[in-house]
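# Examining the three-dimensional arrangement
Read off the chains here:
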Amino acid sequence: METMKNDKKLRGQGFLLLIADINTEALIESGIDPENARKISLQAADSVRKAFGGTSVYLPRLFSLEVSKKHWEIFNNFDGTNTFELAKKYDLSIRQIEKILKRCRTEERQKRTREAKPA
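Residues numbered from 1 in each chain as written. Predicted model: local features only at pLDDT ≥ 70, side-chain atom pairs only at ≥ 80, totals over all residues. Heavy atoms only, no water.

## Notes on the layout of surface pockets
Within this model, the second largest pocket holds a volume of roughly 190 Å³. Tallied by class, the residues present in the lining of the second largest pocket amount to two nonpolar, no polar and four charged. (1 Å grid on protein atoms, 1.4 Å probe; cavity = no way out; pocket = protein on both sides within 12 Å on 5 of 7 lines; lining within 4 Å. Points joined across faces, edges and corners; volume = space filled by probe spheres on them. Nonpolar A, V, L, I, M, F, W, Y, C, P; charged D, E, K, R; others polar.)

Spelled out as structure tokens, the structure:
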């Protein structure tokens, strides 16, 4: 599997199998038995295929899910007037808060657009 992770040109089925392999390992480490872990992981990879199949998806290297979670927390706590308070609470500049809010608004708008398209 390490070879697959290092192959930057990984495409299609190979990419989906890599997603399943990574998920399987994580689930087994979390205590789920290997058979169920593999089944769940293949279902998750198939969900990724259904959601993004035929499209080009960019996966940023330096952006963790924890950062994303924090950004959405900031977005959800924004009331339209509390930029300064959020900057202080999260130890960020006002400009950083504004960028986070803009990025979250854009993602939310894109999500609504995707959901509105008929399947």
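Structure's up, so let's keep going.
## Notes on the confidence of the model for the protein chain
Confidence along the protein chain averages 86 in pLDDT terms, with 86% of residues attaining 70 or more. The secondary-structure element of the protein chain with the lowest mean pLDDT is helix H1 (residues 2–6), recorded at 49, while helix H5 (residues 83–89) shows the highest, at 96. (pLDDT = per-residue confidence, 0-100. Helix = DSSP H or I, 4+ residues; strand = E, 2+ residues; numbered from the N terminus.)

## What to know about the packing of helix H2 (residues 12–29) against helix H3 (residues 34–52)
The angle between the axes and the distance between the axes are what describe a pair of packed helices. Two numbers describe how H2 lies on H3: the axes approach to 8 Å, and their chain directions differ by 140°. Considered as vectors, H2 and H3 are oriented oblique to each other. When you trace H2 past H3, the crossing you get is right-handed. Contacts between H2 and H3 involve Leu16, Leu17, Ile19, Ala20, Asp21, Asn23, Thr24, Leu27 and Ile28 from the former and Pro34, Ala37, Arg38, Ile40, Ser41, Leu42, Ala44, Ala45, Val48 and Arg49 from the latter. Its residues placed into classes, the contact of H2 with H3 shows 13 nonpolar, three polar and three charged. (Axes fitted to C-alpha atoms, helices over the stretch in contact; angles between N-to-C directions. Parallel < 35°, antiparallel > 145°, perpendicular 65-115°, else oblique. Left-handed = near helix turned anticlockwise from the far one by under 90°. Contact = heavy atoms within 4.5 Å.)

## Examining the nonpolar core
Of all hydrophobic cores here, the largest spans nine residues; its members are Ile74, Phe75, Leu86, Ala87, Tyr90, Ile97, Ile100, Leu101 and Cys104. Counting only elements with at least two residues in this core, the list comes to helix H4 (65–77), H5 and helix H6 (94–116). A total of four residues in this core trace back to one element, the largest contributor, which is H6. Look past the residues within four positions of isoleucine 74 in its chain and what remains in contact with it is Leu86, Tyr90, Leu92, Ile97, Ile100 and Leu101. (Core = buried A, V, L, I, M, F, W, Y, C linked by side-chain atoms within 4.5 Å. Buried < 20%, exposed > 50% of the residue type's maximum accessible area, 1.4 Å probe, protein only.)

## Some details on the packing of aromatic side chains
Under the criterion given, the structure shown has one aromatic pair. Between tryptophan 72 and phenylalanine 75, the aromatic rings sit 5.3 Å apart at their centres with planes inclined by 80°, giving edge-to-face as the arrangement. With tryptophan 72 and phenylalanine 75 both in helix H4 and three residues apart, this pair spans about one turn of that helix. (Phe/Tyr/Trp six-rings, centres within 6.5 Å; stacked < 30°, edge-to-face > 60°.)

## Thoughts on H4
Given a rise of 1.5 Å per residue, 13 residues ought to cover 18 Å, and the 18 Å separating the end C-alpha atoms of H4 matches this to within 8%. The complete set of buried residues in H4 reads Ser68, His71, Ile74 and Phe75. The buried residues of H4 occupy an angular sector of 120° when projected down its axis, which confines them to one face. Facing away from the buried side of H4, by more than 90 degrees, are the exposed residues Leu65, Glu66, Lys69 and Asn76. On the buried face of H4, the contacting elements are H5 and H6. (Expected span 1.5 Å × (residues − 1). Arc of directions from axis to C-beta.)

## Brief notes about the side chain of serine 41
For serine 41, the position within the fold is in helix H3. Taking the relative accessible area as the measure of exposure, serine 41 reaches 1% and is therefore buried. Here the side chain of serine 41 touches threonine 24 through a polar contact of 2.9 Å, landing on its backbone nitrogen. With residues up to four places along the chain from it excluded, the contact list for serine 41 reads Ala20, Asn23, Thr24 and Leu27. (Polar contact = N/O pair within 3.5 Å; in protein donor to acceptor, adjacent residues only side chain to side chain.)

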